[in-house]
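The residues making up each chain are set out below.
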There are 2 protein chains.
Amino acid sequence: MKQLAVGIDIGGTNSVYGLVDREGNMYGEGVVPTKNYPDFDQYLEELYIGIQNLVKNLDGEYEIIGIGIGAPNANYYNGTIEYAANLIWQGVIPFVEKMKRYYPTIPVLITNDANAAAIGEMVYGAAKGMKDFIVVTLGTGLGSGFVANGQLIYGHDSFAGELGHVIVNKTASARVCGCGRKGCLETYVSATGIKRTAFKLLADHIEDSEFRNYSFNELTAEMITKAALNGDRLAIEAYEYTGMILGQALADAVTITSPEAIFLFGGLAKAGKYIFEPTKKYMEMHMLSNFRNKVKLLPSGIDGKNAAVLGASALIWQQLEGSK
Amino acid sequence: MKQLAVGIDIGGTNSVYGLVDREGNMYGEGVVPTKNYPDFDQYLEELYIGIQNLVKNLDGEYEIIGIGIGAPNANYYNGTIEYAANLIWQGVIPFVEKMKRYYPTIPVLITNDANAAAIGEMVYGAAKGMKDFIVVTLGTGLGSGFVANGQLIYGHDSFAGELGHVIVNKTASARVCGCGRKGCLETYVSATGIKRTAFKLLADHIEDSEFRNYSFNELTAEMITKAALNGDRLAIEAYEYTGMILGQALADAVTITSPEAIFLFGGLAKAGKYIFEPTKKYMEMHMLSNFRNKVKLLPSGIDGKNAAVLGASALIWQQLEGSK
């Protein structure tokens, strides 16, 4: 009987779920519009019905071996989502406990999106067989998952891996961060960060640019990526600056966990050489000599449409195989 | 039959060795003057004779279960000491392989001093039962050992935990580091770092101080510690500055591994509140709110005369118990 894991990726707008085998193949997927369900119990009922429909539609003999969930502000140890500003549910949501009422006999695990991406990379992606690596997710913010000795670092309270909130600029002109502090890595290196950089460059320079026609709210990181790929000088400079800040921060992270590889995942990674080349250049330039030219900087092996669902489902394979 | 582990702490001047039980009690110790043995094989012969003499002198029935070694630039995976500038032996020394000729049937393990301190803290000290913590060793330089999921983070090449070489000052006036870069944490936070800070304060201020009578080579960190404990303003300010830089760096480290506690070990930690209070204050001030007031900042539970030998011997207990 073929084994499948359920992967659920919970976002502020939609929750996407799917059935995934050990090789990372999807066996059907579905969507629940998260924001339409302020009542968490109703949401869960809808999610359960959707998953059961996928299972019913399977052709052949299958066994569902567990449910992995990726969600913002998820606490792996407690199985909860805690004070997630981007979700419609307030306070602490006992997600795993309530999900267990529907699935009492199989493992139900939850973690944040970046940790799920790291485990997905280990189970299905380019980190297969690696024991020590870092995944950096470049979305609206900057997330990260650190793996050491073959295990994800959750830390004492399950909230480890907040590389986006390492302080990279201690000067008075450091960028203000949504966390209430100044100079955090994600204020420079993220979809929002590169928009801020583009606006800084428009302020610093006088040359013309298509970006002079857009408001901050109109401009997107995708537009900057597209412009860079088309050879736009300002967009390329914005990526160079982003890579410089990221490369320096990664050099510091390497001194702590000495990874075999660092994977860049998500939107900004799609700029290819425009982000990888400056990041690599500045990472090596700032690296302690012990580590120089040893650490691979790689694109994710699972990045794509289903990456978040795959990452969530990977939690289950990782747990089953880790406990052997 | 009582079990004992051998602990060996290799320094540039002396190598200290001893027999240690599971509770951290010492059963005799000895010294080999490292610097007198440029021939490594002769050194090892002398060390072996010394250890065997300790064993012979034991009263009662004992079993030696393994040999743990702490040494600068030790590679845990390869069992080697690699290009240690402070030791008399050049290049790569296959320490474990050669030690195994004397002790072919028991585990022989080597790691660097800071990692040994971290494992010692876990096995005998104040980190007993903790799964996630950091030990910061404040000696001539700044070393660190990171433990996550109950395991030391060695990283891909065994050289993880170089917190002393995280860049904490990116400005043009950052301090030059022995590693060839500028602004490393250990140029501020270490025995040498606080001397540099004292000299900076003598340059910045005009008030009188006993330190105005000493050359840089005469001044020691111990003198600054003693002066701080006696209420000397400049010495206290030097510690305040040291704690500020350390506290900020620890806040960043916490975002990565989310430890339950951080232990300060070694010389500067002996300044008590003069180092702990500013470090704690600035750590909390710069902490991401998730982690604020959650992470304990503690003195080491094994710091003292035999700490390095205990730490080295702890490698053996950790390995035996970890493999259960």
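Model, not experiment: these values are computed from the prediction.

1. Quick look at the overall build of chain A
In step 1: A count of helices and strands for chain A gives eight helices and 13 strands.
In step 2: A compact globule built from 324 residues should have a C-alpha radius of gyration of about 20 Å, and chain A, at 20 Å, falls within 12% of that.
In step 3: Counting the 324 residues in chain A, one finds 58% classified as buried.
In step 4: A separation threshold of at least 6 residues defines the contact pool for chain A, and within that pool the share at least 24 residues apart is 62%.
In step 5: When the accessible surface of chain A is split by element, carbon and sulfur atoms take 50% of a total near 13100 Å².

2. Concerning unusual backbone geometry
All names here are of chain A.
In step 1: Positive phi is not limited to glycine here, since Ser158 has a value of about 80 degrees.
In step 2: Mapped onto the elements of the fold, Ser158 is located in the loop between β11 (151–152) and α4 (191–204).
In step 3: For Ser258, which is not a glycine, the phi torsion comes out positive at approximately 45 degrees.
In step 4: Mapped onto the elements, Ser258 comes out in the loop between α6 (233–257) and β12 (261–265).

3. Structural notes on the sheet that holds strand β6 (residues 80–82) of chain B
In a beta sheet, neighbouring strands are held together by backbone hydrogen bonds and run either parallel or antiparallel to one another.
All names here are of chain B.
In step 1: Read from one edge of the open sheet, three strands run β5-β6-β7, paired in antiparallel fashion. Looking at strand neighbours, the two that pair on one side only are β5 (74–75) and β7 (92–93), the edges of this open sheet.
In step 2: As defined by bridge partners, β5 adjoins β6 across two bridges and the pair is classed as antiparallel. Opposite Ala74, over in β6, you have Ile81 as the bridge partner.

4. Some words on helix α7 (residues 273–285) of chain A
Residues and elements named next belong to chain A.
In step 1: Over its 13 residues, α7 extends 17 Å from the first C-alpha to the last, a length consistent with the 18 Å expected when each residue adds 1.5 Å.
In step 2: Among all positions of α7, only Tyr274, Ile275, Phe276, Pro278, Thr279, Tyr282, Met283 and Glu284 are buried.
In step 3: In this structure, the buried side of α7 is in contact with α5 (221–229), α6, β12 and β13 (296–299).

5. A word on the relation of the copies chain A and chain B
In step 1: Here chain A sits on chain B after a turn of 180 degrees about the axis and a move of 0.0 Å along it, with an RMSD of 0.0 Å. Expressed as a symmetry operation, the mapping of one chain copy onto the other fits a two-fold axis. By C-alpha distance to the rotation axis, the residue of chain A lying nearest is Ala148 of chain A, at 3.9 Å.
In step 2: Comparing interface residues between copies, 100% of those in chain A also sit at the interface in chain B, which points to an isologous, same-surface contact.

6. Focus on the confidence of the model for chain A
In step 1: Residue-level pLDDT values for chain A average 94, and 99% of them are 70 or greater.
In step 2: Taken element by element, the predicted model of chain A shows its lowest mean pLDDT in helix α8 (residues 307–322) of chain A (92) and its highest in α7 of chain A (98).

7. Regarding the domain arrangement of chain A
Note: interface size is frequently given as the accessible area lost on complex formation between the parts.
Residue and element names in this part refer to chain A.
In step 1: Split by domain assignment, chain A resolves into domain 1 (2–121 + 305–322) and domain 2 (129–299).
In step 2: In this complex, domain 1 contributes 16 residues to the contact, which on the side of domain 2 involves 17 residues.
In step 3: Between domain 1 and domain 2 lies a buried interface of about 1300 Å² when both sides are counted; carbon and sulfur atoms form 63% of it.
In step 4: Across the contact surface, domain 1 and domain 2 share zero salt bridges.
In step 5: On inspection of domain 1 and its partner domain 2, the count reaches three residue pairs in polar contact (both at pLDDT 80 or more).
In step 6: Elements with a minimum of two residues in the side of domain 1 that touches domain 2: β5 (74–75), α3 (113–123) and α8.
In step 7: When residues in the side of domain 1 that touches domain 2 are grouped by element, the largest group, six residues, is from α3.
In step 8: A per-class count over the side of domain 1 that touches domain 2 returns nine nonpolar, five polar and two charged.

8. Considering helix α8 (residues 307–322) of chain B
In step 1: Taking 1.5 Å as the rise per residue, α8 of chain B with 16 residues should run 22 Å; its terminal C-alpha atoms sit 21 Å apart, in good agreement.
In step 2: Buried within α8 of chain B we find Ala307, Val309, Leu310, Gly311, Ala312, Ser313, Ala314, Leu315, Ile316 and Trp317 of chain B.

9. Quick word on the sheet that holds strand β7 (residues 92–93) of chain A
Residues and elements named next belong to chain A.
In step 1: Pairing in this open sheet of three strands is antiparallel, and the strands run β5-β6-β7 from one edge to the other. Every other strand in the sheet has two partners, leaving β5 and β7 as the edge strands with one partner each.
In step 2: As paired elements, strand β6 (residues 80–82) and β7 share two bridges and run antiparallel to each other. Along β7, the bridge assignment pairs Ile81 with Ile93.

10. Remarks on the nonpolar core
In step 1: Counting 104 residues, the largest nonpolar core has Leu163, Ile262 and Leu264 of chain A together with Leu163, Ile262 and Leu264 of chain B as the members making the most contacts within it.
In step 2: Leave out the neighbours within four places in its chain, and Leu163 of chain B touches Thr255 and Ile256 of chain A together with Val136, Leu142, Ser144, Phe146, Leu185, Leu250 and Ala253 of chain B.

11. Some thoughts on the packing of aromatic side chains
In step 1: The final tally for this structure, using the stated rule, is 30 aromatic pairs over all chains.
In step 2: Ring plane angle 75 degrees and centroid distance 6.5 Å describe the contact between Tyr43 of chain B and Phe95 of chain B, whose orientation is recorded as edge-to-face. Separated by 52 residues along the polypeptide, Tyr43 of chain B in helix α1 (residues 40–56) and Phe95 of chain B in helix α2 (residues 95–102) bring together distant segments of the chain.
In step 3: On the numbers, 5.1 Å between centres and 75 degrees between planes, the contact of Phe199 of chain B with Phe216 of chain B is edge-to-face. Of this pair, Phe199 of chain B sits in helix α4 (residues 191–204) while Phe216 of chain B sits in the loop between α4 and α5 (221–229), and the two are 17 residues apart along the sequence.
In step 4: By relative accessible area, which is 30% here, Phe216 of chain B ends up partly exposed.
In step 5: Directly above the aromatic system of Phe216 of chain A lies the positively charged group of Lys195 of chain A, at a separation of 4.3 Å from the ring centroid.

12. Section: the interface of chain A and chain B
In step 1: Opposite the 39 residues of chain A that make contact, chain B presents 39 residues.
In step 2: Counting each side, the surface lost to burial between chain A and chain B is near 3300 Å², with a carbon and sulfur contribution of 52%.
In step 3: Three residues, Asn149, His156 and Ile256 of chain A, lead the burial of chain A against chain B; their summed loss comes to 19% of the area buried on that side.
In step 4: Counting across the interface, chain A meets chain B through two salt bridges.

13. What about the packing of α5 of chain B against helix α6 (residues 233–257) of chain B?
Residues and elements named next belong to chain B.
In step 1: Two elements in contact, α5 and α6, have axes separated by 7 Å at closest approach and are oriented at 110 degrees. In terms of their interaxial angle, α5 and α6 are classed as roughly perpendicular. The handedness of the crossing between α5 and α6 comes out as left-handed. Residues Ala221, Ile224, Thr225, Ala227 and Ala228 of α5 lie in contact with α6, whose contacting residues are Ala235, Ile236, Ala238 and Tyr239.
In step 2: Taken together, the residues that form the contact of α5 with α6 break down as eight nonpolar, one polar and no charged.

14. So, the environment of Thr105 of chain B
Residue and element names in this part refer to chain B.
In step 1: By the element assignment, Thr105 lies in the loop between α2 and β8 (108–111).
In step 2: Taking relative accessible area as the criterion, Thr105 reaches 75% and is therefore assigned exposed.
In step 3: With 40 residues separating them along the chain, Thr105 and Ile65 place their C-alpha atoms 9.1 Å apart.

How each quantity is defined
- Residues numbered from 1 in each chain as written.
- Chains lettered and ligands numbered in written order.
- Predicted model: local features only at pLDDT ≥ 70, side-chain atom pairs only at ≥ 80, totals over all residues.
- Heavy atoms only, no water.
- Helix = DSSP H or I, 4+ residues; strand = E, 2+ residues; numbered from the N terminus.
- Rg over C-alpha atoms; globule rule 2.2 N^0.38 Å.
- Buried < 20%, exposed > 50% of the residue type's maximum accessible area, 1.4 Å probe, protein only.
- Contact = heavy atoms within 4.5 Å.
- Areas by Shrake-Rupley, 256 points an atom, 1.4 Å probe, with all protein chains shown as cover.
- Pairing = 2+ DSSP bridges.
- Expected span 1.5 Å × (residues − 1).
- Least-squares fit on C-alpha atoms with pLDDT ≥ 70 in both.
- pLDDT = per-residue confidence, 0-100.
- Domains from an automatic or database assignment.
- Buried area = accessible area lost by both parts, 1.4 Å probe.
- Salt bridge = Lys/Arg side-chain N within 4 Å of Asp/Glu carboxyl O.
- Polar contact = N/O pair within 3.5 Å; in protein donor to acceptor, adjacent residues only side chain to side chain.
- Nonpolar A, V, L, I, M, F, W, Y, C, P; charged D, E, K, R; others polar.
- Core = buried A, V, L, I, M, F, W, Y, C linked by side-chain atoms within 4.5 Å.
- Phe/Tyr/Trp six-rings, centres within 6.5 Å; stacked < 30°, edge-to-face > 60°.
- Lys NZ or Arg CZ within 6 Å of the ring centre and 35° of its normal.
- Axes fitted to C-alpha atoms, helices over the stretch in contact; angles between N-to-C directions.
- Parallel < 35°, antiparallel > 145°, perpendicular 65-115°, else oblique.
- Left-handed = near helix turned anticlockwise from the far one by under 90°.

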